[in-house]
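Observations on the model geometry
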Amino acid sequence: MSTAEQINPPPRLLMGPGPINADPRVLRAMSAQLVGQYDPAMTACMTETMGLYREVFRTSNEQTFLVDGTSRAGIEAALVSLIVPGDRVLVPVFGRFGHLLAEIAQRCGAEVHTIEVEWGQVFTPEQIEAAVVSVRPAVLAIVQGDTATTMCQPLADLGEICRRHDVLLYCDATASLGGNDFELDGWGIDIATAGLQKCLGGPSGSAPISISPRAAGLIDGRKHVEAGIAEADDIGRGPRIGSNYFDLSMVMDYWGPRRLNHHTEATSMLYAARECARLLVAEGMDTAIRRHRLHGAAMLAGVRGLGLEVFGDVAHKMNNVVAVVIPDGLDGEGARTAMLEDFGIEIGTSFGPLRGRVWRIGTMGHNARKDAVLVTLAALEQVLRAGGADVTAGGGVGAAREVYVR
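Residues numbered from 1 in each chain as written. Predicted model: local features only at pLDDT ≥ 70, side-chain atom pairs only at ≥ 80, totals over all residues. Heavy atoms only, no water.

1. Some words on the packing of aromatic side chains
Taken as a whole and judged by the stated rule, the model has five aromatic pairs. Between Phe 182 and Trp 187, the ring centres sit 5.9 Å apart and the planes meet at 65°, which makes this aromatic pair edge-to-face. Comparing Phe 182 with Trp 187, the two get one shared label, buried. Grouped by ring-pair contacts, the aromatic residues Phe 57, Phe 182 and Trp 187 constitute a single cluster. The ring of Phe 351 has Arg 96 sitting right over it, with the charged end atom 4.4 Å from the ring centre. (Phe/Tyr/Trp six-rings, centres within 6.5 Å; stacked < 30°, edge-to-face > 60°. Buried < 20%, exposed > 50% of the residue type's maximum accessible area, 1.4 Å probe, protein only. Lys NZ or Arg CZ within 6 Å of the ring centre and 35° of its normal.)

This is how it looks when you write it as structure tokens:
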């Protein structure tokens, strides 16, 4: 007989780089009853969700929908559907997730070229254009916000550069969408993908995506409808996309007027994604970005008020996460454990060359709020004191409060 009990997670305030605490309204939406995937209520919900995410991405793209899976599912769907084996792909790498794009592109059979800057920095448009001219890629794949370094890559000039050189522009906006400026149409981005578990304020498991007409046309040129559901005029064309599940040509038909069967919709995640977008649109995208900017600024001031050094080029830091250099002589992992065990607050470490060198503290989604910032700073002060660090009493909370009263 099983001794397993009902799931009962411990209470946590998730102030790392994501995931974050889902908005309670999103959790309530997920508990709604299931309906069949072709029920008019379901297809209406799908259509509503597409419209809401057009507002989140700031686009008029018809092909704006969800890929069922975590944010990485959206990345893989975009790249495997765009890349024909042998295509050249250029990836500017300024953190861990640029390396991820390069790896996925390689798995898609691309000839991958990378350029790199030191972690903590970003690229200038001139650096990227010079690489585009040199490589002549079919696709430029770039991360907007890399939580490994907390940097936010400027994108506003890249669409025009890509159009001039006949390059498709893909952007991974997983960590940035909803909390930082993002203009899909205004910046000329061809495909962007995201995830719910950062600034969108939900759980991981659904990947919003938006595809420009130019990119949608290229993907449709590789369309092959599955045997068994294909009709007489469904003639395959172009090289078949190398994944069935992530074949965006078929997923576009699944979300489109044909409602052509592809997979069984992840209904509860659809409800969650719809509620994430509904809440952001109701708040107003500009207001949501200002909220993330305010609470991110307060956390930045607070950690500095504790005498801590901030990693990287702060002028290009994301609004929603800050990397804090662990003081010399302090046990960084021990401090994270104390934050969790003594205060129920999770903060993050990092990866690769930054592992053990920085903590990453997030202020995003439902946790981009004043009380979460102040409580985290108060707890961090106590943990620093216990670890022997010399900190100013009340320095973190005091500096953050100054931001809030400006």
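Structure shown, so let's carry the discussion forward.
2. As for the packing of helix 10 (residues 285-305) against helix 12 (residues 370-386)
Interaxial distance between helix 10 and helix 12 falls to 10 Å at its minimum, and their mutual angle equals 15°. Taken together, the axis directions place helix 10 and helix 12 in an arrangement best described as roughly parallel. Considering the relative orientation of helix 10 and helix 12, their crossing is right-handed. Here helix 10 contributes His 295, Ala 298, Met 299, Gly 302 and Val 303 to the contact with helix 12, which in turn contributes Lys 370, Val 373, Thr 376, Leu 377 and Leu 380. Its residues assigned to classes, the contact of helix 10 with helix 12 comprises six nonpolar, three polar and one charged. (Axes fitted to C-alpha atoms, helices over the stretch in contact; angles between N-to-C directions. Helix = DSSP H or I, 4+ residues; strand = E, 2+ residues; numbered from the N terminus. Parallel < 35°, antiparallel > 145°, perpendicular 65-115°, else oblique. Left-handed = near helix turned anticlockwise from the far one by under 90°. Contact = heavy atoms within 4.5 Å. Nonpolar A, V, L, I, M, F, W, Y, C, P; charged D, E, K, R; others polar.)

3. Brief notes about helix 2 (residues 40-57)
Taking 1.5 Å as the rise per residue, helix 2 with 18 residues should run 26 Å; its terminal C-alpha atoms sit 26 Å apart, in good agreement. Three or more residues of helix 2 are buried, namely Met 42, Thr 43, Cys 45, Met 46, Thr 49, Met 50, Leu 52, Tyr 53, Val 56 and Phe 57. Contacts from the buried residues of helix 2 go to strand 2 (63-68), strand 9 (191-193), strand 10 (206-211), helix 8 (248-255), helix 9 (267-283) and helix 10. N-cap assignment for helix 2: the residue whose side-chain oxygen lies 2.8 Å from the backbone N of Ala 41 is Asp 39. (Expected span 1.5 Å × (residues − 1). Polar contact = N/O pair within 3.5 Å; in protein donor to acceptor, adjacent residues only side chain to side chain.)

4. Looking at the environment of Tyr 170
On the secondary structure map, Tyr 170 appears in strand 8 (residues 168-172). In sequence terms Tyr 170 and Ile 75 are 95 residues apart; their C-alpha atoms lie 9.1 Å from each other. In contact with Tyr 170, other than residues within four places in its own chain, are Ile 75, Ala 78, Leu 79, Leu 82, Leu 101, Val 139, Leu 140, Ala 141, Ile 142, Ile 191, Ala 192 and Thr 193.

5. Some remarks on the side chain of Gln 153
Note on placement: Gln 153 falls in the loop between strand 7 (151-152) and helix 6 (158-164). From its side chain, Gln 153 meets the backbone nitrogen of Phe 123 in a polar contact 2.9 Å long.

6. Description of the pairing of strand 2
Counting buried positions along strand 2 yields six of six residues, so the element is predominantly enclosed. Judged from the six bridges that link them, strand 2 and strand 10 form a sheet pairing that is antiparallel. The residue bridging Asp 68 from the neighbouring strand is Ser 206, located in strand 10. (Pairing = 2+ DSSP bridges.)

7. Description of the sheet that holds strand 4 (residues 111-116)
Within a sheet, adjacent strands bond to each other through the backbone by hydrogen bonds, running parallel or antiparallel. Taking strand neighbours across the sheet as the criterion, the seven strands line up as 2-10-9-8-5-3-4 in an open arrangement whose pairing is mixed. Looking at which strands have only one partner, the edges of the open sheet turn out to be strand 2 and strand 4. Each strand of the sheet is rotated relative to its neighbour by a mean of 20°, with strand direction disregarded. Sheet contacts for helix 3 (residues 71-82): strand 2, strand 5 (139-143), strand 8, strand 9 and strand 10; angle to strand 8, the most-contacted strand, approximately 170°. Where helix 7 (residues 213-220) meets the sheet, it contacts strand 2, strand 8, strand 9 and strand 10, and its direction lies at approximately 100° from that of strand 10.

In short, shape yes, function no, at least from these values alone.
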